[in-house]
Amino acid sequence: MENKEGFSFTYSAKEQEEIKAIRKKYLTEDKTEDEMTRLRRLDKTVTGKATVFSLVLGIIGALVMGSGMSLAMTDIGALLGMETGLAMLVGIAVGVCGLVLASLAYPCYNRVLIKEREKIAPEIIRLSDSLLK
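Residues numbered from 1 in each chain as written. Predicted model: local features only at pLDDT ≥ 70, side-chain atom pairs only at ≥ 80, totals over all residues. Heavy atoms only, no water.

(A) Geometry of the environment of S130. The topology assignment puts S130 in helix α5 (residues 105–132). Take S130: its relative accessible area is 32%, and that puts it in the partly exposed class. With 95 residues separating them in the primary sequence, S130 and E35 have C-alpha atoms 8.3 Å apart. (Helix = DSSP H or I, 4+ residues; strand = E, 2+ residues; numbered from the N terminus. Buried < 20%, exposed > 50% of the residue type's maximum accessible area, 1.4 Å probe, protein only.)

Structure below.
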């Protein structure tokens, strides 16, 4: 670079690469991603959505099941004003509901995965065809 007094200086190759990398982050028109990167990203989004959905469902089911178990096995029912037998029955019912929710996590994962794959299939096929040529 040159300043007003005529002094010039250059950066080393390592510094120039760092400058280019930083500059690339801020260029908006140069954000083209190659097809392989796009293909990987699209595939990750499909499995990511299914994973998040099934994890949320499984965690909620486990929490409901745990609250039902604690209601059935501890004195929480007495604190809530229930008799011991009623608290155990309610706790068992709540625990079974939580068990059903947690058990549905994997089938829901498969269903969401299939639906998301159907949505994204044309784009994945188009990208993979262009990469295989």
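(B) Looking closely at the packing of helix α2 (residues 35–73) against helix α4 (residues 84–103). Between α2 and α4, the least distance of the axes is 7 Å, while the angle of their chain directions is 165°. Taken as axis vectors, α2 and α4 run roughly antiparallel relative to one another. For the pair α2 and α4, the sense of crossing is left-handed. Residues L57, G58, I60, G61, A62, V64, M65, S67, G68, M69, L71 and A72 of α2 pack against A87, M88, V90, G91, I92, V94, G95, G98, L99, L101 and A102 of α4. Across the contact of α2 with α4, the residue classes tally to 16 nonpolar, seven polar and no charged. (Axes fitted to C-alpha atoms, helices over the stretch in contact; angles between N-to-C directions. Parallel < 35°, antiparallel > 145°, perpendicular 65-115°, else oblique. Left-handed = near helix turned anticlockwise from the far one by under 90°. Contact = heavy atoms within 4.5 Å. Nonpolar A, V, L, I, M, F, W, Y, C, P; charged D, E, K, R; others polar.)

(C) Highlighting the confidence of the model for the protein. Residues at a pLDDT of 70 or more form 86% of the protein, whose mean pLDDT is 85. Taken element by element, the predicted model of the protein shows its lowest mean pLDDT in helix α1 (residues 13–26) (79) and its highest in α4 (93). (pLDDT = per-residue confidence, 0-100.)

(D) Quick look at the packing of aromatic side chains. Taken as a whole, this structure holds one aromatic pair when the rule is applied. Seen in terms of ring centroids, Y106 and Y109 are 6.2 Å apart; in terms of plane orientation they differ by 15°. Their pairing is stacked. Placement of both Y106 and Y109 in helix α5 is noted, with a separation of three residues, approximately one turn of the helix. Since its relative accessible area comes to 57%, Y106 is described here as exposed. (Phe/Tyr/Trp six-rings, centres within 6.5 Å; stacked < 30°, edge-to-face > 60°.)

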